[in-house]
Amino acid sequence: MRSGCRKSCIAWLLLVASVIVGHARELRVCSDPNNLPFSNDRLEGYENKIVDVIAGELRASVQYTWWPQRRGFVRNTLKAGLCDLIPGTVSGLGAVRTTVPYYRSTYVFVTRPEAEEITSLDDPKLRKLLIGVHLIGDDGFNVPPAHALARRGIIENVLGFSIYGDYRQDNPPARLIEAVTAGKVDVAIAWGPLAGYFGARQDPSLRVTPVNPIRDERFPMTFPIAMALLPENGSLKHEVEDAIAKRRTEVDAILSAFHVPRVDAFSRLAMPR
Amino acid sequence: MSFSRLIVALVSSLVGSASSQPSLPRAPQTAAPNENGEWAMPAKNFASTRFSSLDEINVDNAKNLQVAFTFSTGVNKGQEAAPLVVGNTMYIVSPYPNILYALDLSQAGAPMKWKYEPKPEPASQGVACCDVVNRGAAYSNGRIYFNTLDGNAIAVDASTGKEVWRTKLGDINRGETVTMAPLVVKDKVLVGNSGGEYGVRGWLVALDAGTGRQVWKAYSTGPDRDVLIGPEFKPYYDSDKGKDLGVSTWPPNAWEQGGGTVWGWISYDPDLNLIYYGTANPGPWNHEQRPGDNKWTAGIFARDADTGQARWFYQFTPHDVHDWDGINEIILLDMEWKGQQRKVLARPERNGYLYVLDRTTGEVLSAEPFAYTNSTHGVDLKTGRLQINPEKQPKLNQTVRDICPTAPGAKDWNPSAYSERTGLIYIPHNNMCMDVQTMDANYIAGTPYVGANVKMKAGPGGNRGEFSAWDVQNARKRWSIKENFPVWSGAVATAGNVVFYGTMEGWFKAVNAETGDVLWQFKTASGIIGQPITYKGPDGHQYVAVLSGVGGWSGAIVSGDLDPRDGTAALGFVNAMADLKDVTTKGGTLYAFRLP
């Protein structure tokens, strides 16, 4: 019996397995392997968690392609056919299709708890304090607060931190937040999710305050964040949007757990201290 | 100099003066002394002619040129430097990490004598706008002077390779880097900064050649006292007259990060004791934020070489909106103009015009286009003002197509040569146009921001580059060679009536100085964006040398591994250079050629 079944049973099992594999859905995702709080290859980022929620809703397994999110990221990953989805990117990014935004965050001031709070780019204290900002690099543009400071003639007391940093270290952009704790700068102006996450992890935890005005001349300080897909992938776009809408509470809880400062309709759920 | 070499130099200079027509423009003798077979500064001489009286290599035998020796710089980034040759030694400075090499030309194969490693801060790589280039060193009085990307000026003993002094000038935390080659004038080393993309404030400093201590510093923006404008300042045009124009032609405080960096070339007239140099474009890039002429950016200063006090200024591009750095080479010539002998300077400018200025006064004698341009309508010689075509200015919330020339201009930093045998300036340049779109949302390393969308492309004719011979006295083009890619190398002219330049595909070419006929070409390992030189080796024979290794702003697609499909990378230049990756790869090799 056992031996009689052997060949046919294996064949049957293989058939069943191939049917299961063939029908098992795969969600191919491109992400940065070393950029918390967004993502890393240990799946510790909030984008990793949100992708899991979406994959659960789509009954799909997640297959990652890891790629540092630098110049050429979109071209080398999504556009090169390595994946179907980039979980976190700015809404309206050129050359791709983006979903309905699922949260909006803001640039923030990051200060030590004992320091005076700064709420505005027009705060006269910014002319005296040592301010840290991220340097984007070689395309002639920097983060909007850097342009806002430059416009106000605040430059002598501004310290630049490469957004790229030393990629051999964990989460290179986090150096800017750590510099506040270390006293290397009096205040950092950083993108909210990075500041919220790493600010909460400093001892003592840092104060995170949204930048005002929210639009400084041509430079917005708040950005809607969406997922990116290929323009022709309209059906997946709608599925992802539906999944986020359906699991909205879980998505919000994840963003909240990561201390993402939000300036959207859900902000009351998630504003950090 | 040995006695025999002195004789050779004297004879060649005599031959030179006997055979050239007296009516052709000539560099002032004090600024371009007799040939000694050496190449001690990137521009060859203070007049910046990049002309050598050596004539062993001529139009008849250039076809026989062959490789004499090669040397790897060990750095596969854009090689923009000119090698130097002094005595029996060749000096080469590499891109970041800016290693200085000395090669022994008296030995077979020119082995390395020593190398000096300045170890610049690694972070400076991320600050440099357009590849981590260095444009060369300068020799003076037993020392090699050069600058590092992280903003240090360094003096090294030319025989031992030991550091003599090092002065930190720039702050990379503020986006300040240094990429230019210094010029040594008498006992001073002149150095300027780079980094206009980051809104730094431009300056030129004079350092004491002996100690490296700062003697004077002239800013390109701000109050007169910072710019070293005093009673001696007598600009030719009314638009440059007035108090503190470096402040009042800007919105409040905008001059503080106004750009006007000094990353190009300096010339020197010993008779007038004046230095001449250009200032880069104004910052920040968004011109709506800085109404006004934005003095003293995108123009040229004449300054007293001892005190730095400004004598005159002329602005090529007031209120620049195109990123047209006014830093190109300045060729000093004495020439007849409308029946009068004039001391002039010639400048092939980023905006596409070849300017001839009276170098004692700053008056524009002529400004004729050497490349296709539609964004301006020439220069009003009464006011000296560039005439803008409003239809071809980048606008907020609007796409403007076919703006010619592009941000790198009709011609970028890479220097021309002038032959006193032909009266022609040999101009390596671009032929490109661009579309500028409104700001785009962008996202990098988890961080959103906005940027301009600039796309560059070939200009009329479909060729992106050109090598033109310009008749300076008659202000017209004599001949030109079309090149597929922008010509991003320098040029050298010789008394043998052979002119040399390189292409981004890697061809090193010798052309007939009178006709532009290609006499010889050699395919080097990588694209050429360096400055060729020629010298007399210890064996008494003429050599031609050039660094091969593509990169720079135009070649960053190869040296920086940029994605050809990301058309907006490297300020939009990548869009026009996507196919460069198909024809060349990174490199960093010196080639020296001679006749068999």
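What you see is a predicted model, and the numbers here were worked out from it, not measured in a lab. Along each chain, residues carry numbers from 1 onward, in the same order as the chain's sequence is written. Think of it this way: whatever chain is written first is A, whatever ligand is written first is 1, and the rest follow in order. Owing to the predicted nature of the model, reporting of local features is limited to residues with pLDDT of at least 70; listing and counting of side-chain atom pairs is limited to 80 or more, with chain, interface and lining totals taken over all residues.

K.L.:
So what exactly am I meant to see when it comes to the environment of Lys392 of chain B here?
P.N.:
Along the chain, the position of Lys392 of chain B falls in the loop between strand 24 (385-388) and strand 25 (400-403). Distance in space between the C-alpha atoms of Lys392 of chain B and Asp402 of chain B is 7.7 Å, their sequence separation being 10 residues. Working definition: helices are DSSP H or I runs of at least four residues, strands are E runs of at least two. Numbering for both runs from the N terminus.

K.L.:
What exactly am I supposed to notice about the nonpolar core here?
P.N.:
Proteins that are soluble and globular tend to have nonpolar side chains buried together. Definition of nonpolar core: a set of buried Ala, Val, Leu, Ile, Met, Phe, Trp, Tyr and Cys residues joined via C-beta atoms within 7 Å. Three exposure classes are used, all based on how many other C-beta atoms lie within 10 Å of a residue's own C-beta (placed from the backbone): buried at 20 or more, exposed at 12 or fewer, and partly exposed between those limits. Formed by 168 residues in total, the largest nonpolar core has its most connected members in Leu84, Tyr91, Ala137, Tyr426 and Val499 of chain B. Apart from residues lying up to four places away in sequence, Leu84 of chain B is in contact with Trp39, Ala40, Met90, Tyr91, Ala137 and Tyr139 of chain B. Of all hydrophobic cores here, the second largest spans 77 residues; its members include Leu27, Leu135, Tyr164 and Phe198 of chain A. Once C-beta atoms have been placed from the backbone, residue pairs whose C-beta atoms lie within 7 Å are recorded as contacts.

K.L.:
Would you mind going over the sheet that holds strand 22 (residues 364-369) of chain B with me for this structure?
P.N.:
Either a parallel or an antiparallel arrangement is found when strands of a sheet pair, and the pairing is made through backbone hydrogen bonds. Residue and element names in this part refer to chain B. Taken in spatial order, the four strands make up an open sheet running 19-20-21-22, and their pairing is antiparallel. In this open sheet, the two strands that pair with only one neighbour each are strand 19 (331-337) and strand 22. For this sheet, the mean inter-axis angle between neighbouring strands, taken without regard to orientation, is 30 degrees. Between any two strands, pairing holds if DSSP finds at least two bridges. Note: strand 19 against strand 20 (residues 340-348), seven bridges, orientation antiparallel. Across the sheet, Leu332 pairs through a bridge with Leu345, a residue of strand 20. Note on geometry: axes are C-alpha line fits, over the in-contact stretch for helices, and angles between N-to-C directions span 0 to 180 degrees.

K.L.:
Any chance you could explain the environment of Leu130 of chain A here in plain terms?
P.N.:
All names here are of chain A. One can find Leu130 in the loop between strand 7 (103-111) and strand 8 (131-135). Separated by 27 residues in the primary sequence, Leu130 and Asn157 place their C-alpha atoms 5.0 Å from one another. Among residues more than four places away in sequence, those in contact with Leu130 are Asn157, Leu159, Val185 and Asp186.

K.L.:
Where do I start with the packing of helix 2 (residues 46-58) of chain A against helix 7 (residues 234-246) of chain A in this structure?
P.N.:
In a pair of packed helices, the angle between the axes and the distance between the axes together describe the arrangement. All names here are of chain A. Interhelical geometry of helix 2 versus helix 7 gives an angle of 105 degrees and a closest axis separation of 9 Å. Looking at the two axes, helix 2 sits roughly perpendicular to helix 7. Contacts between helix 2 and helix 7 involve Ile54, Glu57 and Leu58 on the former and, on the latter, Glu239, Val240, Ala243, Ile244 and Lys246. Here roughly perpendicular refers to angles of 65 to 115 degrees, roughly parallel to angles under 35, roughly antiparallel to angles over 145, and oblique to all remaining angles.

K.L.:
Looking at this structure, I do not really get the pairing of strand 30 (residues 465-471) of chain B. What am I missing?
P.N.:
Within a regular strand, the side chains alternate between the two sheet faces. Residues and elements named next belong to chain B. Counted residue by residue, strand 30 has six buried out of seven residues, so it is predominantly covered. Sheet analysis places strand 27 (residues 424-430) next to strand 30, joined by seven bridges and oriented antiparallel. Paired with Asn430 across the bridge in strand 30 is Gly465. In this structure, strand 30 lies alongside strand 31 (residues 476-483), joined through seven bridges in antiparallel fashion. Bridge pairing in strand 31 links Phe467 to Ile481. Connecting strand 30 to the antiparallel partner strand 31 that follows it, the hairpin turn spans four residues, and Ala475 within it adopts a positive phi of roughly 50 degrees.

K.L.:
Any chance you could explain helix 7 of chain A here in plain terms?
P.N.:
Because each turn of an α-helix spans 3.6 residues, side chains separated by three or four positions in sequence point in the same direction. All names here are of chain A. Counted at 1.5 Å a residue, the expected span for helix 7 with its 13 residues is 18 Å, and the 18 Å between its end C-alpha atoms agrees. Looking only at helix 7, the buried set comprises Lys237, Val240, Ala243 and Ile244. Axial view of helix 7: buried residues confined to an arc of 130 degrees, hence all on one face. Projecting away from the buried face of helix 7 at angles above 90 degrees are the exposed residues Gly234, Ser235, His238 and Ala245. An expected span of 1.5 Å times one less than the residue number is assigned to each helix. Working note: the arc is built from the helix axis to C-beta atom directions.

K.L.:
Hey, could you run me through the domain arrangement of chain A in this one?
P.N.:
Many authors give the size of an interface as the accessible area that is lost as the parts come together. Residue and element names in this part refer to chain A. For the purposes of this description, domain bounds are those given by an automatic or database domain assignment. We note that the domain assignment places domain 1 (25-103 + 223-270) and domain 2 (105-220) within chain A. Here the C-alpha centroids of domain 1 and domain 2 sit 24 Å apart. Facing the 16 residues of domain 1 at the interface are 17 residues of domain 2. Elements with a contribution of two residues or more to the side of domain 1 that touches domain 2: strand 2 (34-35) and strand 14 (222-229). Classifying every residue of the side of domain 1 that touches domain 2 gives 11 nonpolar, three polar and two charged. In this classification, Asp, Glu, Lys and Arg are treated as charged, Ala, Val, Leu, Ile, Met, Phe, Trp, Tyr, Cys and Pro as nonpolar, and every other residue, Gly included, as polar.

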